[in-house]
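Architecture and fold: a report
Each chain is listed here by its residues.
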Amino acid sequence: MPKAYWGEIKDPVHGYVYITDAEKKIIDTYPMQRLRRLRQLAGSEYVYPGANHTRFEHSLGVMFLAGQVLVNPHISRAVSDEETDMCRLSALLHDCGHGPFSHVFEHLLTKELNKTHEDITAWIVENSEVADVLSKMGYNPKEVAGLAVGKLHKKDHAFLDQIISSAVDVDKQDFIVRDTYHTGAEYGFIDVYRLIHALDLLGENLAVELGALSALEAFVIARIESFKSIYFHRVGRAAQIMLASAMDKANNELGLTTFKTPEEYLALDDYTVWAMLKKCPASNVIINNLENRRMLKCAYERTFYEKDALISNLFGQESYRLQIRGEIAKEAGVELETVIIDVPTVPSVPYHHAVESTEIPVFTRSPAGEKKLQRLSESSKIFETLKGFMNILRVYTDQTNRSKVEKATANVLGQIPSATKISF
């Protein structure tokens, strides 16, 4: 039976996105419409004025790309029409748990509730009006929620989770192309459709045919370059750190993490929380500084390439960073809270998990059609080499203390071995 198509939405990245009546019903729910008021890259607009796109169009793009994967002949033979429809809906809903200012709110969720936006996504899909709409259409909200965060774990169908959450998932494929489009910081041509065409199943898992190695390499290089130039940009991070700090300081008064129902959580978006932070005495100075572009200043930056226990602690353990922060503040003779250490692994960094895994399943296909699993690291040295280039450490402070903190940090971190070799 042909699907009941409602119409199309024009997307600047993918062109026309065709949607069904069922997808239109989900798009029109409040949790989805709220995504129009959550910027994809809050803070990046201070660097790239065009970076004002929202989670809403990203979600449409992820749904569209999931649909493209599911019509790939190698994948479509393993899924039913019902699974295809459910996967598209799950892809559409995958980001509905994001908080105000997107990844910046992750800092509060992790610190106060030990939750991530994925946890909140599943909670919203299962407990908001979305669940009612899904149930009326014959779907199990718990299954849709599980798939939306890559945790459906359906027997013999691991690839369904991997379409939405894996090293080459459609989420990454959309946000890299979309974010580079809106910022203008484009690093080469990323052919996501070539990657999608090269996908196949090895058992129940997604894998990429090695014939598309150049497209895969371009994708990973773009992912890492965009991380450095967009998601971990020095000034963009200054704005994100300021927003995270404002919410941290105001949380006791505003109760940003005291929500008990999905509706209470969904009332928080970029607009409502900005207005709350502007009025709150604990945070209004920071918001005033942001409104006048008086940013935190980067006093020190260093990239570590070598393997060393001290460096691993610096990037992996918050307690160790707090210790170093205290030493820098003491050495500089400034208040502790004026010194901020920033590394790519903290929760408020957009897509901080996206650069961690580069082991992507790849395979070769014999003339007879037989598939053989390969190790990506044996086929391309690019992936292993690039892993070491994400160990960037920065120290921020205000304009007044910049010089003192710069000297103090150089003294404190001078004890850590200087770069001597690249970690492969």
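Residues numbered from 1 in each chain as written. Predicted model: local features only at pLDDT ≥ 70, side-chain atom pairs only at ≥ 80, totals over all residues. Heavy atoms only, no water.

1. Concerning the sheet that holds strand E8 (residues 371-374)
- In spatial order, the strands read E3-E4-E7-E8; together these four strands make up an open sheet with mixed pairing. The open sheet has two edge strands with one neighbour each: strand E3 (199-202) and E8. Pairs of neighbouring strands in the sheet enclose a mean axial angle of 50°, with direction left out of account. (Pairing = 2+ DSSP bridges. Helix = DSSP H or I, 4+ residues; strand = E, 2+ residues; numbered from the N terminus. Axes fitted to C-alpha atoms, helices over the stretch in contact; angles between N-to-C directions.)

2. Notes on the side chain of Asp169
- Tracing the chain through its elements places Asp169 in the loop between helix H10 (158-164) and helix H11 (170-183).
- At 3.1 Å, the side chain of Asp169 forms a polar contact with the backbone nitrogen of Asp171.
- Other than its neighbours up to four places away in sequence, Asp169 contacts Gln162, Ile163 and Ile164. (Polar contact = N/O pair within 3.5 Å; in protein donor to acceptor, adjacent residues only side chain to side chain. Contact = heavy atoms within 4.5 Å.)

3. Quick word on the pattern of salt bridges
- For the structure shown, the criterion picks out 21 salt bridges.
- Taking the shortest distance from any N to any O, the salt bridge between Glu337 and Lys249 comes out at 3.2 Å. On the criterion of sequence distance, the pair formed by Glu337 in the loop between helix H19 (318-332) and strand E6 (340-342) and Lys249 in helix H14 (residues 234-254) is long-range, its members being 88 residues apart.
- Judged by relative accessible area, which is 36%, Lys249 ranks as partly exposed.
- Several salt bridges converge on common partners, so that one network encompasses Arg77, Asp200, Glu209, Arg365 and Lys371. (Salt bridge = Lys/Arg side-chain N within 4 Å of Asp/Glu carboxyl O. Buried < 20%, exposed > 50% of the residue type's maximum accessible area, 1.4 Å probe, protein only.)

4. Considering the packing of aromatic side chains
- In this structure the tally under the stated criterion is ten aromatic pairs.
- Judged by centre distance (6.4 Å) and plane angle (65°), the rings of Phe227 and Tyr231 are edge-to-face. Of this pair, Phe227 and Tyr231 both sit in helix H13 (residues 213-231), four residues apart, which is roughly one turn of that helix.
- Phe227 sits in the buried class, given a relative accessible area of 1%.
- With a centroid separation of 4.8 Å and an interplanar angle of 80°, the aromatic rings of Tyr231 and Tyr351 are classed as edge-to-face. Taken together, the residues span a long stretch of sequence, with Tyr231 in helix H13 and Tyr351 in the loop between E6 and strand E7 (362-365) at a distance of 120 residues. (Phe/Tyr/Trp six-rings, centres within 6.5 Å; stacked < 30°, edge-to-face > 60°.)

5. Observations concerning unusual backbone geometry
- A positive phi angle, near 50°, is found at Ser102, a position not held by glycine.
- Relative to the elements of secondary structure, Ser102 occurs in the loop between helix H5 (81-93) and helix H6 (106-113).
- The buried category is assigned to Ser102, whose relative accessible area is 1%.

6. Notes on the pairing of E3
- Pairing of E3 with strand E4 (residues 205-209), which is carried by four bridges, proceeds in the antiparallel orientation. Looking at E4, one finds that Asp200 is bridged to Ala207.

7. Regarding the environment of Tyr30
- With respect to the helices and strands, Tyr30 occurs in helix H2 (residues 30-33).
- If we ignore the near neighbours within four places in the chain, the residues touching Tyr30 are Arg37, Glu129 and Leu266.
- Looking at Tyr30, its side chain comes within polar contact range of the side chain of Arg37, at 3.2 Å.

8. Structural notes on a negative patch on the surface
- A surface patch of like charges, here negative, comprises Glu129, Asp132, Glu263 and Glu264.
- Secondary-structure elements contributing two or more residues to the negative patch are helix H8 (129-136) and helix H15 (262-266).
- Residue classification places Glu263 among the partly exposed residues on the basis of a relative accessible area of 47%. (Patch = residues over 30% accessible without salt bridge, like charges linked within 9 Å, V, L, I, M, F, W, Y side chains within 5 Å. Areas by Shrake-Rupley, 256 points an atom, 1.4 Å probe, with all protein chains shown as cover. Lys, Arg positive; Asp, Glu negative; His and termini not counted. Charge placed at Lys NZ, Arg CZ, Asp CG, Glu CD.)

9. Section: the nonpolar core
- Judged by nonpolar contacts, the single largest core of 137 residues is most densely connected at Ile163, Val208 and Leu393.
- Apart from residues lying up to four places away in sequence, Val208 is in contact with Val168, Leu195, Ala198, Leu199, Leu216, Ile360, Pro361, Val362 and Phe363. (Core = buried A, V, L, I, M, F, W, Y, C linked by side-chain atoms within 4.5 Å.)

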